Amino acid sequence: MVQKLQTVPRDSVVEAQWTKVLPDANARGAHNFRLWISRFPYLIAAAAGLLILVLLTHPVGGEIVAAAIVAAAILPYAIYYTSRHAGGLLIVLVLIEVIAASAAVSSSDVKIGAIVRYPLNLLFLLPFIPAIWKSGILRQGGFRDCSIYLTWALFSVSYSILPTVSLARAFAAILAFLVFCAIASEVKSAEDARRLMGVLLAGCGIAVAANYLYILINPGMAWQPDTESGMLRYVGFLTEPNEIGNLTLATVGVGFGYWPVAKGWKKGLAAAAMIGSLVQGVMADSRSPIIAIVIGCAVYLMLKYRAKGVIGILAMYLVFYAAAHAIPSMHEYIDRGDVESFTGRQVAWDFGVRSIKESPLLGYGYEVEGQILLSPYFQGWDAVWGMGYQSSLHNGYISRAVSLGIPALLFWLFFILRPMVSCFLTNGDPWKMKWLVPLALLPMLILETTESVVDFRSLGGIMMGLVWTMLERERLFARAQAAARATVVEESKTPIVRALQRAHAS
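Residues numbered from 1 in each chain as written. Predicted model: local features only at pLDDT ≥ 70, side-chain atom pairs only at ≥ 80, totals over all residues. Heavy atoms only, no water.

**Notes on the overall build of the chain**
Each helix and strand in the chain was counted, giving 23 helices and two strands. The burial tally for the chain puts 48% of its 506 residues in the buried class. Element-wise, carbon and sulfur atoms account for 68% of the exposed surface of the chain, whose accessible area totals about 23,500 Å². (Helix = DSSP H or I, 4+ residues; strand = E, 2+ residues; numbered from the N terminus. Buried < 20%, exposed > 50% of the residue type's maximum accessible area, 1.4 Å probe, protein only. Areas by Shrake-Rupley, 256 points an atom, 1.4 Å probe, with all protein chains shown as cover.)

**Section: the side chain of Ser147**
Relative to the helices and strands, Ser147 resides in helix H10 (residues 141–155). For Ser147, the contacting residues outside a window of four places in its chain are Leu138 and Phe177. (Contact = heavy atoms within 4.5 Å.)

**Brief notes about a nonpolar patch on the surface**
On the surface, Leu122, Leu126, Ile129 and Phe171 cluster together into a nonpolar patch covering about 310 Å² of accessible area. Inspection of the secondary structure puts Leu122 in helix H8 (residues 112–125). (Patch = residues over 30% accessible without salt bridge, like charges linked within 9 Å, V, L, I, M, F, W, Y side chains within 5 Å. Salt bridge = Lys/Arg side-chain N within 4 Å of Asp/Glu carboxyl O.)

**Structural notes on the packing of helix H13 (residues 241–258) against helix H15 (residues 287–305)**
Relative orientation of the contacting elements H13 and H15 amounts to 25°, with a least axis distance of 9 Å. Considering the angle they form, H13 stands roughly parallel to H15. Here Gly245, Thr248, Leu249, Val252 and Phe256 of H13 lie close against H15, whose contacting residues are Pro289, Ile290, Ile293 and Cys297. Per-class residue counts for the contact of H13 with H15 are seven nonpolar, two polar and no charged. (Axes fitted to C-alpha atoms, helices over the stretch in contact; angles between N-to-C directions. Parallel < 35°, antiparallel > 145°, perpendicular 65-115°, else oblique. Nonpolar A, V, L, I, M, F, W, Y, C, P; charged D, E, K, R; others polar.)

**Some words on helix H14 (residues 265–283)**
The end-to-end C-alpha distance of H14 is 27 Å, a good match for the 27 Å that 19 residues give at a rise of 1.5 Å each. The complete set of buried residues in H14 reads Ala270, Ala273, Met274, Gly276, Ser277, Gln280 and Gly281. Axial view of H14: buried residues confined to an arc of 165°, hence all on one face. Seen from the open side of H14, the exposed residues pointing more than 90 degrees away from its buried face are Trp265, Ile275 and Val282. Taken together, the buried residues of H14 touch helix H12 (190–217), strand S2 (232–234) and H13. Among the residues trailing H14, Asp285 stands out with phi positive, at a value near 55°. (Expected span 1.5 Å × (residues − 1). Arc of directions from axis to C-beta.)

**Thoughts on unusual backbone geometry**
Located in the positive-phi region is His394, a residue other than glycine, with phi close to 55°. One non-glycine residue, Lys432, adopts positive backbone phi at about 55°. By secondary structure assignment, the location of Lys432 is in the loop between helix H20 (406–422) and helix H21 (436–447). Lys432 sits in the exposed class, given a relative accessible area of 59%.

**Section: the state of the cysteines**
Scanning all chains against the criterion turns up zero disulfides. Not engaged in a disulfide, the cysteine Cys181 finds its nearest cysteine sulfur in Cys146; these two sulfurs lie 7.4 Å apart. Of the residues examined, Cys181 reaches a relative accessible area of 1% and is grouped as buried. (Disulfide = S-S within 2.5 Å.)

Now the structure itself:
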């Protein structure tokens, strides 16, 4: 019996349980997943070409026509390719986000971002909808819970203060979530999960490389003066420095996830993408993501190395503290801006909390929280708060409570945190992915305190969505493993033992 229990992870009983809980989206899923990597450079090359075109300044007239021609040439192959290899959808999501967030698209009078996001997401997702439904993944664990949450978001359109905006953003979140479901249905092992991290890292790496290329193409437009201090902050081809910070956090997070399986030149590229993104984050003066990464790494060191990790962190902190006070310019840099009010965010947070008290159960509609700042009772009349629904409360937790109410926020926290906690329990981490919690998810949860990261969109949201998806997939696998072990133990008992147990239970 002992031998039987020891070999159960490889046993057919586990396979049967795993198939029931996490069924295959199609018969060729596992085989295709291993084969598609060899063709992946073609998709990367096509994506890089499209991004280079987007980087051209002021894309009007002939440049838009050129971009449309290239897109028309790429799209048929890309749709065909991703329909056979779901992991490629991660590259699509990244490209859609960086194109929609680019300065060229955002400054256009035509809403190119919406034109790019919704049709492309739908086009690439359509081939997977039957497989997603047949797999039953939408009825399992956190995927079921997230489906309920997004249905809640869709229902909020009926009472939203801006129904059209809530509908559009709920639809975008649902499409992106279904993409992650399609990807998750093909993941059967830790190796699959890690490789998917590598795919997303490749997408982020394209964006990082494109930002460096933009400095060469148009160095004058790659920097933006800070409204308060006047210092130049790096924006690349994106709209604002916070977008660069988002890219940094996403690149570093999935980089940590992919690193254990990266080998040879791939490890070198992974390191280059992570370091390159960190350099851009520093140039953008995006403090929140950098601080979040540092805290995540500190927690990782403490959890993995315990006393040695704590001593090491204290030593590094003392060195940093001494340097900050010894170098006047460094001290001034750290203390710049209104740090006590989180550079003015506090005024929006206070009004957000006040608005939550007025509508604590349902909120004001999915992702329209910025609209409340147009109230005559709001005292923060800075330009950043006057863009209506396009304004951000710069706090993901307050934003969700304002949008859908406190119950929705608590429900969101429940299904987001559950796989994070589960992988630290006994036998809860069969894929050895628990270190992604401090290195990838924890920094995102910290960032949510100063930025509003939307569900399954934006570069940070995509990274968070992928890591959460993989950890939830692992949690379901661990649950299936536990059920299989219990079945083996029960079947190994003699009839007399089972009879005695039943008698004792009664």
